[in-house]
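# Structural overview
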Amino acid sequence: MKGVFFNEHGNINNIQIGEVNDLRISPNEVLIETKFSALNHLDFFVIKGWPGLSLQKPHVIGADGSGIVKEIGSEVSTIQVGDRVTINPGISCGKCYNCLSGNQVFCNFFSIKGEHEWGTFAEFFKMPEINVLKIPNEYSLEKAAATPLTFLTAYRMLITQAIIKPGHIVFIHGAGGGVSSAAIQIAKLFGATVIATTSTPLKVEKTKKLGADYVINYREMKDYTKYVYIELTKRRGVDIVIDSIGNVTFNKSIRLLKPGGRLITCGATTGPISEINIANIFWKHLEIKGSTMGNQGEFHAVMQLLFNSKLDPIIDKIFPFEKIRDALRYLSDEKRFGKILIKIS
Ligand SMILES: [Zn+2]
């Protein structure tokens, strides 16, 4: 089959398209003919590699994907050949205490599709049956590929970790990113007031259309924390901050919070090291929580909201398979707003 792979860690230039070995499925697995794959920042991290990551080469990347079931293992009972499906990209053993307690992200065998095993940027990919979800006939395969990783991540951050309530004020950095644009929609659906930041006038307009109540262009307003505290929240501060940016925003996030507020972090696209004024944390009794991906229950819950059109992914561009390098470059482009897909077949 054709796949997007690398033989050596590095950067986008190490990415190749070509023939890779066909996949064989285990009795509990499903083989899916890929229709669309979606890009995530995770793809960059896998291409670059990290200490301790030891992959068999060639390695096929890609975490999100949708398609048609081509083959099922002998133990598979809930999915049939021909089904239109999407996947939960979080893979775990499914049997340990953590998995059975809804904490599969703590499973010793937890990984995201495309991290340790071959991903979705290929003509076929395989998944354990428990990660495969049938999609309604009227739901598009484009949207089905665009949603899982980012909407699942944002859903767990807001619902499980931040315990969002109607009336909360939620601050979301970098509205053009996949997790952030999902978080804006979820926070509005659950009755919150949303303040978001982004980087260009065009993206300010798009963020407002997504439902954000207040949008700040952080290029024009460098120190927006005072403005948010005094003007927008009338010296109250915000209840929840969603931060996937890391180094550049982390201190601002802490300053933005009201006493007792919650900062939820799921990533650090500008770097993971930051100097923090610890006094702000203990004086304000802040909670700082990490979050990555989500469990199967959260996956099914957020996908139902998507299937019922309560939430809707923003798809920015769809690139053909052959233009994968252009697609990866566009992921870091300031103009990007929403998900980038690759059309596989
Ligand atoms: Zn487990």
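Being a predicted model, the structure only gives us computed values, none of them experimental. Starting from 1, residues in each chain are numbered consecutively following that chain's sequence as written. Reporting of local features is limited, given that this is a predicted model, to residues whose pLDDT is at least 70; pairs of side-chain atoms are given and counted only at 80 or more, and all residues count toward the totals for whole chains, interfaces and linings. Derived side-chain values reflect all non-hydrogen atoms in the structure, with water molecules and hydrogen atoms excluded from consideration.

### What about helix 4 (residues 148–161)?
Here a strand is any run of E in DSSP of at least two residues, a helix any run of H or I of at least four, and the numbering for each starts at the N terminus. An expected span of 1.5 Å times one less than the residue number is assigned to each helix. In this model helix 4 runs 18 Å from its N-terminal to its C-terminal C-alpha over 14 residues, within 8% of the 20 Å that 1.5 Å per residue would give. The buried fraction of helix 4 amounts to twelve of the 14 residues, a majority that puts the element mostly inside the structure. Remark: exposure states derive from per-residue accessible area (1.4 Å probe, protein chains only) relative to the maximum for the residue type, with buried under 20%, exposed over 50%, and partly exposed in between. By the burial criterion, the buried members of helix 4 are Pro148, Leu149, Thr150, Phe151, Leu152, Thr153, Ala154, Tyr155, Arg156, Met157, Leu158 and Gln161. Remark: Ile163 follows helix 4 within two positions and exhibits a positive phi of approximately 50 degrees.

### With respect to the coordination of the zinc ion
Counted as donors are N, O and S atoms no farther than 2.8 Å from the metal, or 3.2 Å for Na, K and Ca; water is not among the atoms, and sites may therefore look incomplete. Taken together, the protein ligands of the zinc ion are Cys93 (SG), Cys96 (SG), Cys99 (SG) and Cys107 (SG), with distances of 2.3 Å. Considering all four donor atoms around the zinc ion, the spread of angles at the metal, 105 to 115 degrees, places the coordination shape in the tetrahedral class. With relative accessibility at 27%, the residue Cys93 sits in the partly exposed group. Working rule for geometry: tetrahedral if four donors all subtend angles between 85 and 135 degrees; square planar for four, octahedral for six, if opposite donors exceed 155 degrees and the others stay between 65 and 115; irregular in every other situation.

### Re the pairing of strand 1 (residues 2–6)
Sheet faces and side chains relate simply in a regular strand, where the side chains alternate between the two faces. The buried fraction of strand 1 amounts to four of the five residues, a majority that puts the element mostly inside the structure. A pair of strands is labelled paired if DSSP reports no fewer than 2 bridges between them. As paired strands, strand 1 and strand 2 (residues 16–19) are joined by four bridges and run antiparallel to one another. Across the sheet, residue Gly3 finds its bridge partner in strand 2, namely Gly18. Judged from the two bridges that link them, strand 1 and strand 4 (residues 59–60) form a sheet pairing that is antiparallel. When the sheet's bridge partners are listed, Phe5 is paired in strand 4 with Val60.

### Some remarks on the domain arrangement of the protein chain
When cut into domains, the protein chain gives domain 1 (2–147 + 313–343) and domain 2 (151–290). Throughout, the edges of the domains are those of an automatic or database domain assignment. Taken over C-alpha atoms, the centre of domain 1 sits 28 Å from the centre of domain 2. In what follows, a contact means two residues having at least one pair of non-hydrogen atoms within 4.5 Å. Contact residues are listed per partner, giving 13 residues for domain 1 and 16 residues for domain 2. Taken together, both faces of the contact between domain 1 and domain 2 bury some 1100 Å²; the carbon and sulfur share is 58%. Accessible-area loss on putting two parts together, using a 1.4 Å probe and summing over both, is the definition of buried area adopted here.

### Section: the packing of aromatic side chains
For Phe, Tyr and Trp, rings pair up if their centres lie within 6.5 Å, where Trp contributes its six-membered ring, and each pair is then called stacked (planes under 30 degrees apart), edge-to-face (over 60) or tilted (otherwise). Tallied over the full model, the rule gives four aromatic pairs. Between Tyr139 and Phe307, the aromatic rings sit 5.0 Å apart at their centres with planes inclined by 75 degrees, giving edge-to-face as the arrangement. Here the residue Tyr139 occupies a position in the loop between strand 10 (132–134) and helix 3 (141–146), and Phe307 occupies one in helix 10 (residues 296–307), the gap between them amounting to 168 residues. Phe307 sits in the buried class, given a relative accessible area of 10%. For the ring pair Phe282 and Trp283, a centre distance of 6.0 Å and an interplane angle of 45 degrees mean the geometry is tilted. Considered together, Phe282 and Trp283 belong to a single accessibility category, that of exposed residues. Only when the NZ of Lys or the CZ of Arg is both within 6 Å of the ring centre and within 35 degrees of the ring normal is a charge said to sit over the ring. The ring of Tyr330 carries Lys317 above its face, with NZ or CZ at 4.5 Å from the centroid.

### Side note on the environment of Ala212
Within the secondary structure, Ala212 sits in the loop between helix 6 (201–210) and strand 13 (214–217). Sequence spacing of Ala212 and Ala187 is 25 residues, and the spatial spacing of their C-alpha atoms is 9.1 Å. Discounting residues that sit within four places of it in the chain, Ala212 has contacts with Ile184, Val194, Ala196 and Thr207.

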